[in-house]
Amino acid sequence: MPTPEVAATHTQSTPRENWALLVLLVVVSLALGSILLPFYAAIMWGLILSLLFTPFYRWLLPRVRHRRTVAALCTLTVVVLMVILPLTLVMLMLAQEVAWLYHGLQSGELNPALYFNRAFNRLPDWVGAILDRFGLVNFATLQRRLTTALAQGSQFAATQVFTVGQNTFEFVVSLFIALYLAFFLIRDGDSTVRAIGRMIPLAPVHRQQLWHKFATVVRATVKGNLIVALIQGALGGLAFWALGVSGALLWAVLMAALSLLPAVGAAMVWGPVALYFLVTGALWQGLALVAYGVLVIGLVDNLLRPILVGKDTRMPDYVVMITTVGGMAIFGINGFVLGPLIAAMFMAVWHIFGTTR
């Protein structure tokens, strides 16, 4: 005798019942989405980690006698050692740099107004005349503006520290969710993809195309952008350290973060520093930093990003750049993945639509 589930699959539904089922499907999907929305970033990064490290899992699987749980646990251990721990150490070192900078600003040891005054005193007369029209050359005015800005910045920093303290539990929970989800996706990813694919009302070949595009874009975007960002941040931090710039690690991390913006990201950090060197008379430091930034740091972006990102995603460089910037404007730091991914899926879906008409 067939079970109720089997019997239900062979029952012909009326149009009214189909509409009711569709409404119910939309309602429960929206309800589940609202529950998962606070942890969308953790879920996204759990999926990304599984996509990045599944090849290692498949390589490891026959070496542990096809024990999937053991292989998944070993893979997750590699994730923690290669990704989580280094990131934690960098964040701790960065916190020390930020604390030193904050203490220097509060104690007066670091006075940005003096640096601006020194730079303005060395400007040509015609540049000073232009800046004077906007009231930027007057030292007292500059001092007041910087004092106000620093007071607001200090208040903002204190608020952020308090917020981080409040959100520590949320961060730990998100990290646990990402690693927990990555474990099961690494171990059971193939069966999960097949189960989800069967529920999508598309031809098998189209489902395969979309999944291949999704996985390829995620891997290329994450690996490519992170590799470029790490290299540019490391090269920039090394240059700042060699030139005696204070807080080299802080600037390196900032440069790595801004390097997620193609073409101009890293230059937003080293450019003003090079300009300051040139204006204050440190010509060889300024010229050396400009040459290093253009020929070394910029070359990394111009050579590696098209190879690591554009080649695999098969999207033009300008599309990758625009969608990266737009994605980060909407989704924050996660947008450097979501922006190009949405663009790639848009192009893939329209290609399928055009070929099936």
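All values reported here derive from a predicted model rather than from experimental measurement.

A.B. asks: Whenever I open this one, the overall build of the protein chain confuses me. Can you help?
C.D. replies: Tallying secondary structure elements over the protein chain gives 14 helices and 0 strands in all. When the helices and strands of the protein chain are listed from N to C terminus, the series reads α-α-α-α-α-α-α-α-α-α-α-α-α-α. Classification of the 357 residues of the protein chain by burial places 31% in the buried group. The long-range fraction of contacts in the protein chain, counting pairs at least 24 apart against all pairs at least 6 apart in sequence, stands at 68%. For the protein chain, the exposed area adds up to about 22,800 Å²; of that, 72% sits on carbon and sulfur atoms.

A.B. asks: Which parts of the structure should I look at to understand the side chain of Thr75?
C.D. replies: Mapped onto the elements, Thr75 comes out in helix H4 (residues 68–107). Beyond its immediate chain neighbours, meaning those up to four positions away, Thr75 contacts Phe53, Phe56, Tyr57, Leu60 and Ile186.

A.B. asks: Explain helix H11 (residues 267–279) to me, please; I cannot follow it from the model alone.
C.D. replies: Each full turn of the α-helix corresponds to 3.6 residues, which orients residues three or four apart in the same direction. The end-to-end C-alpha distance of H11 is 17 Å, a good match for the 18 Å that 13 residues give at a rise of 1.5 Å each. Of the positions making up H11, those classed as buried are Val269, Trp270, Val273, Ala274 and Phe277. Each buried residue of H11 lies within a common arc of 115 degrees when the element is viewed along its axis, so the set occupies one face. The positive-phi residue at the C-terminal boundary of H11 is Gly281, with phi of around 95 degrees.

A.B. asks: How should the environment of Met93 be read in this particular structure?
C.D. replies: Residue position: Met93 is located in helix H4. Sequence-wise, Met93 and Leu250 are 157 residues apart; in three dimensions their C-alpha atoms are separated by 8.7 Å.

A.B. asks: When you look at the layout of surface pockets in this model, what are you seeing that I'm missing?
C.D. replies: Size it by volume and the second largest pocket reaches roughly 1,400 Å³. Those elements that place two or more of their residues in the lining of the second largest pocket are helix H3 (40–60), helix H8 (168–199), helix H9 (204–242) and helix H14 (335–356). The element contributing the most residues to the lining of the second largest pocket is H8, with 12 residues. Considering only residue class, the lining of the second largest pocket consists of 25 nonpolar, 8 polar and 8 charged.

A.B. asks: Whenever I open this one, a nonpolar patch on the surface confuses me. Can you help?
C.D. replies: Taken together, the side chains of Trp19, Leu21, Leu22, Val23, Leu24, Leu25, Val26, Val27, Val28 and Leu30 make up a nonpolar region of the molecular surface, amounting to roughly 1,000 Å² of accessible area. Its place among the elements puts Leu25 in helix H2 (residues 15–36).

A.B. asks: Can you walk me through the packing of helix H10 (residues 248–258) against H11 in this structure?
C.D. replies: The description of two helices packed together rests on the angle between their axes and the distance between the axes. Two elements in contact, H10 and H11, have axes whose closest approach is 8 Å; the angle formed by their N-to-C orientations is 130 degrees. Judged by the inter-axis angle, H10 sits oblique to H11. Between H10, through Trp251, Leu254, Met255 and Leu258, and H11, the contact on the second element is made entirely by Met268, Val269 and Trp270. In the contact of H10 with H11, the residues fall into 7 nonpolar, no polar and no charged.

A.B. asks: So what exactly am I meant to see when it comes to the nonpolar core here?
C.D. replies: Nonpolar side chains tend toward joint burial in soluble globular proteins. One finds Ile48, Val218 and Met315 to be the most contacted residues of the largest nonpolar core, which totals 22 residues. Elements supplying a minimum of two residues to this core: H3, H9, helix H13 (317–331) and H14.

A.B. asks: When you look at the packing of H3 against H9 in this model, what are you seeing that I'm missing?
C.D. replies: Two elements in contact, H3 and H9, have axes whose closest approach is 10 Å; the angle formed by their N-to-C orientations is 90 degrees. Here H9 runs roughly perpendicular to H3, going by the angle between their axes. Contact residues: H3 offers Trp45, Leu47, Ile48, Leu51 and Leu52, while H9 offers Trp211, Phe214, Ala215, Val218, Arg219, Val222 and Lys223. Considering only residue class, the contact of H3 with H9 consists of 10 nonpolar, no polar and 2 charged.

A.B. asks: How should I be thinking about unusual backbone geometry in this particular structure?
C.D. replies: Glycine aside, negative phi is the norm for most residues, and most peptide bonds take the trans geometry. In the Ramachandran plot, Arg65 falls in the positive-phi region, its phi being about 60 degrees despite a non-glycine side chain. Inspection of the secondary structure puts Arg65 in the loop between H3 and H4. The exposed category is assigned to Arg65, whose relative accessible area is 72%. The phi torsion at His66 lies on the positive side, around 60 degrees, for a residue other than glycine. Its place among the elements puts His66 in the loop between H3 and H4.

A.B. asks: Just to check I follow, could you spell out the pattern of salt bridges for this structure?
C.D. replies: Side-chain pairing between opposite charges can occur once the charged atoms of the two side chains come close. Summed over the entire model, instances satisfying the criterion amount to 2 salt bridges. A salt bridge links Asp188 to Arg187; the shortest N-O distance between them is 3.0 Å. Judged by relative accessible area, which is 18%, Asp188 ranks as buried. Connected through salt bridges with shared partners, the residues Arg68, Arg187 and Asp188 form a single ionic network.

A.B. asks: For this particular structure, what's the right way to read H3?
C.D. replies: Compared with the 30 Å implied by 1.5 Å per residue over 21 residues, the 29 Å span of H3 between its first and last C-alpha is a close match. When H3 is considered as a whole, its buried residues turn out to be Ala42, Met44, Gly46, Ile48, Leu49, Ser50, Leu51, Phe53, Thr54, Tyr57 and Leu60.

What counts and how
Residues numbered from 1 in each chain as written. Predicted model: local features only at pLDDT ≥ 70, side-chain atom pairs only at ≥ 80, totals over all residues. Heavy atoms only, no water. Helix = DSSP H or I, 4+ residues; strand = E, 2+ residues; numbered from the N terminus. Buried < 20%, exposed > 50% of the residue type's maximum accessible area, 1.4 Å probe, protein only. Contact = heavy atoms within 4.5 Å. Areas by Shrake-Rupley, 256 points an atom, 1.4 Å probe, with all protein chains shown as cover. Expected span 1.5 Å × (residues − 1). Arc of directions from axis to C-beta. 1 Å grid on protein atoms, 1.4 Å probe; cavity = no way out; pocket = protein on both sides within 12 Å on 5 of 7 lines; lining within 4 Å. Points joined across faces, edges and corners; volume = space filled by probe spheres on them. Nonpolar A, V, L, I, M, F, W, Y, C, P; charged D, E, K, R; others polar. Patch = residues over 30% accessible without salt bridge, like charges linked within 9 Å, V, L, I, M, F, W, Y side chains within 5 Å. Salt bridge = Lys/Arg side-chain N within 4 Å of Asp/Glu carboxyl O. Axes fitted to C-alpha atoms, helices over the stretch in contact; angles between N-to-C directions. Parallel < 35°, antiparallel > 145°, perpendicular 65-115°, else oblique. Core = buried A, V, L, I, M, F, W, Y, C linked by side-chain atoms within 4.5 Å.

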